[in-house]
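Close look at the chain arrangement
Chain by chain, the residues run as shown.
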Amino acid sequence: MPENTNHKLTIRKRGHALLSDPILNKGLAFSAEERAAFGLTGLLPEAVQTLDQQVTAATAFLEALPTPLAKHIRLRELQDSNETLFYAVLEHDLKASLPLVYTPTVGEACQKFSEIWERPRGLFLSYPDRDRIAERLADPALDDVRVIVVTDGERILGLGDQGAGGMGIPIGKLSLYTACAGIAPEHTLPIMLDCGTNNEDRRNNPNYLGWRHERVRGADYDAFIDAFVSAVKARWPDVLLQWEDFAGVNAAPILEKYRDALCTFNDDIQGTAAVAAGAILAANDARGSRLRDQTIVMVGAGSAGVGIARLLLQVMRDEGASEDEARAQFFMTDKDGLLTDDRKDLDAGQTLFARARAALEGWPDGAIGLQDTIERAQATILIGVSGQGGLFTEQAIRAVAKTCDRPIIFPLSNPTSHAEATPEQIMDWTDGRALVSTGSPFPPLKRDGSEKRVDQTNNAYIFPGMGLGILACGATRVTETMFMAAARGLATLSPLKADKDGNLLPPIEDLRKVARAVAEATVRQARIDKVCPVFEDHQIGEKIDAMMWTPAYRPYRAA
Ligand SMILES: NC(=O)C1=CN([C@@H]2O[C@H](COP(=O)(O)OP(=O)(O)OC[C@H]3O[C@@H](n4cnc5c(N)ncnc54)[C@H](O)[C@@H]3O)[C@@H](O)[C@H]2O)C=CC1
Ligand SMILES: CC(=O)C(=O)O
Ligand SMILES: [Mg+2]
């Protein structure tokens, strides 16, 4: 059952302490009785407002602000002063507010974090303070934490190393946990592991608020991460720990090291894979084709690229392809061209998708560029996760368009300015035949007198629901099959099922519904994988509902 919001909460804080607590503060919505009981009379102006009135006023103020960054700053102020109002404003218009708290504006907020920072949120754990991590986590205010998003700020969207400014990402991701999946704000904790930054602009910025030092690497870095994970496990043995926006060199090794040690996943590797697979499964269902018959060119062979390829490979295996048959359908490129088995710079995940040079008869010697790869491979699916805006040229897109009627072309890099091509360009260069989807929001496509929403294949369609499912069923580990289940759960919601001209994914406005469906798929798979306690079928919905918080004021009684 959803929580009863009429139930009176017993509150100890009074006066300024109560008004300064963003979880408990109601601002002008404190009733006359509450103002008297909690010593607020005189601290607040006379007017008493409902939450709806507050949302109307806050939304009007927001709309009048001149830039997305100004709106982001205003929303963050609301979040730090009154979380109920902040989430009510987000939910009031998820489509308008998501780009402000998430991609693309969160990218700019990370770049300017040192200039716009106002109040503490979450934890900054810095390398020089590495022997005191347990002490920092011990704060009783953090007793209710159930989900952590952590970054070290080295690969923030496609914007590179933002150092301590990367904190904007865990804050934004956790806002989506609450707005889209109803995880109560007090259960969420953003953490920035400040290991220095190699971004000289940031380090030389007199306002830089992080540790002014080059990045810690190697064994020292590993020991820092290890100390962090040990402290987290000791403090919250059942917590869900989400890794976000680590550089490729650290992301996969960290996941491999800790995935069986606690309840954890890497969103860029696994969440991204699930949303991409969900969208592609939906597209293939609509085209009546099997994935194993598609040729996939992946542009970018980092966390996202390898993660997506691994899950799609599993889809092909589930369709009956052998491991070798499935691998033969992938051509993966990075900044140095096609991954081939004579390259010495590949990690384990990339090696899995490297093509045998000996089998590339007639292909160029040396580095093989994207155009050659697309043409010779005869790509039917092109996925961009390179972080490089504009990388898909007209020539490249036209080459994909030659190979099939309805090519799937996903420029998934974030933020918007880093998309490998715009949806409009892709539609122009494929005569409107492509199934397009981006990572960040784009305006609707206008073609032949009609408008069509641009799908956003972003892991926001997965991680909130995945987290909700994990917390709801008490899962102790996050398995690969849970991501496959989430992807398939997402695909079942595709508007394309009912309308051949429909979108691949439901609209952003439906993210709460999406999260619930993803949560259910996650819980069912967790049960199959035996990583959660035993329960009956009918309990699944109840458990999920019981976890879901909604932004509404609860009446207070003084302790
Ligand atoms: N839509 C979504 O939900 C998500 C999108 N992303 C986006 O994907 C991008 C990459 O993220 P990660 O894989 O984590 O980064 P990463 O740093 O691990 O990998 C980037 C890859 O791109 C390659 N690359 C760079 N320049 C290239 C070029 N000119 N041609 C071909 N490849 C090139 C690099 O060699 C590397 O293999 C970012 O922009 C990120 O915002 C990441 C996660 C989720
Ligand atoms: C969406 C996301 O996680 C990224 O771009 O890194
Ligand atoms: Mg990310």
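Predicted, not measured: the structure shown is a model, and the values here were computed from it. (Residues numbered from 1 in each chain as written. Chains lettered and ligands numbered in written order. Predicted model: local features only at pLDDT ≥ 70, side-chain atom pairs only at ≥ 80, totals over all residues. Heavy atoms only, no water.)

This part is about the site of ligand 1. In the vicinity of ligand 1 lie 26 residues, with Arg-155, Thr-272, Ala-301, Ala-304 and Asn-459 positioned nearest. A distance of 3.0 Å separates an oxygen atom of ligand 1 from a polar backbone atom of Ser-303. Between an oxygen atom of ligand 1 and a main-chain N or O atom of Asn-459, the distance comes to 2.9 Å. Coverage of ligand 1 by the protein amounts to 86% of the 850 Å² it exposes when considered alone. Looking at the shell around ligand 1, the elements that each hand over two or more residues are helix 14 (267-287) and helix 15 (303-318). Along the lines of polarity and charge, the residues of the shell around ligand 1 split into seven nonpolar, 15 polar and four charged. Inspection of the shell around ligand 1 shows a minimum of three residues originating in each of domain 1 (100-261) and domain 2 (269-559). (Near = heavy atom within 4 Å. Polar contact = N/O pair within 3.5 Å; in protein donor to acceptor, adjacent residues only side chain to side chain. Areas by Shrake-Rupley, 256 points an atom, 1.4 Å probe, with all protein chains shown as cover. Helix = DSSP H or I, 4+ residues; strand = E, 2+ residues; numbered from the N terminus. Nonpolar A, V, L, I, M, F, W, Y, C, P; charged D, E, K, R; others polar. Domains from an automatic or database assignment.)

Moving on to the coordination of the magnesium ion (ligand 3). Around the magnesium ion (ligand 3), the protein supplies Glu-244 (OE), Asp-245 (OD) and Asp-268 (OD) as donor atoms, at distances of 2.1 Å. Taken in sequence order, the residues that donate to the magnesium ion (ligand 3) follow the motif E-D-x22-D. There is no split in this pair, since Glu-244 and Asp-245 are both buried. (Donors = N, O, S within 2.8 Å, 3.2 Å for Na, K, Ca; no water. Buried < 20%, exposed > 50% of the residue type's maximum accessible area, 1.4 Å probe, protein only.)

Among the 11 residues that make up helix 21 (residues 463-473), 11 are buried, leaving the element largely enclosed by the rest of the structure. If you check which residues of helix 21 are buried, you get Phe-463, Pro-464, Gly-465, Met-466, Gly-467, Leu-468, Gly-469, Ile-470, Leu-471, Ala-472 and Cys-473. Phi turns positive one or two residues past the end of helix 21, at Gly-474, with a value near 70 degrees.

What follows covers the UniProt feature "binding site: a divalent metal cation" (unreviewed entry) in the chain. What UniProt calls "binding site: a divalent metal cation" (unreviewed entry) maps, in this numbering, to Glu-244, Asp-245 and Asp-268. Across 25 residues, the annotated set stays spatially compact, with a maximum C-alpha separation of 6.7 Å. By the element assignment, Glu-244 lies in the loop between strand 5 (240-243) and helix 13 (248-258). The residues touching Glu-244, leaving out its near neighbours within four places in the chain, are Val-149, Val-150, Thr-151, Ile-169, Lys-173, Asp-267, Asp-268 and Asn-459. With relative accessibility at 6%, the residue Asp-268 sits in the buried group. Those residues in contact with Asp-268 that sit more than four places away from it in its chain are Arg-155, Trp-243, Glu-244, Asp-245, Phe-246, Ser-303, Ala-304 and Asn-459. (UniProt positions renumbered as here; feature names shortened; annotations may be inferred. Contact = heavy atoms within 4.5 Å.)

Relative to the helices and strands, Pro-190 is located in strand 4 (residues 188-194). What makes Pro-190 buried here is its relative accessible area of 7%. Separated by 39 residues in sequence, Pro-190 and Thr-151 place their C-alpha atoms 8.5 Å apart. Ignoring any residue separated from it by four or fewer positions in sequence, one finds Pro-190 in contact with Arg-121, Gly-122, Leu-123, Val-149, Met-167, Pro-170, Ile-171 and Leu-174.

So, about the site of ligand 2. Neighbouring ligand 2 are Tyr-102, Arg-155, Leu-157, Lys-173, Glu-244, Asp-245, Asp-267, Asp-268, Asn-414, Asn-458 and Asn-459. Between ligand 2 and the protein, one listed contact pairs an oxygen atom with a side-chain N or O atom of Asp-245 at 2.9 Å. In the model, an oxygen atom of ligand 2 is placed 3.0 Å from a nitrogen or oxygen of the Asp-268 side chain. Burial of ligand 2 by the protein chains amounts to 91% of its free accessible area of 210 Å². A class-by-class count of the residues in the shell around ligand 2 yields two nonpolar, three polar and six charged. Here the shell around ligand 2 spans two domains, and each of domain 1 (100-261) and domain 2 (269-559) adds at least three residues to it.

Scanning all chains against the criterion turns up 45 salt bridges. Residue Arg-215 pairs with Asp-161 through a salt bridge whose shortest N-O separation is 2.8 Å. Linking Arg-215 in the loop between helix 11 (200-203) and helix 12 (218-235) with Asp-161 in the loop between strand 3 (147-151) and helix 10 (168-181), this pair joins segments that are 54 residues apart in sequence. Where Asp-342 meets Arg-357, a salt bridge forms, and the shortest distance between an N and an O atom there is 3.0 Å. One end of the pair, Asp-342, is in the loop between strand 9 (337-338) and helix 17 (348-352); the other, Arg-357, is in the loop between helix 17 and helix 18 (370-377), with 15 residues separating them in the sequence. Residue Arg-357 is classed as partly exposed on the basis of its relative accessible area, which comes to 22%. A single network of salt bridges, built from pairs that share partners, joins Arg-516, Glu-520, Arg-524, Arg-527, Asp-537 and Asp-545. (Salt bridge = Lys/Arg side-chain N within 4 Å of Asp/Glu carboxyl O.)

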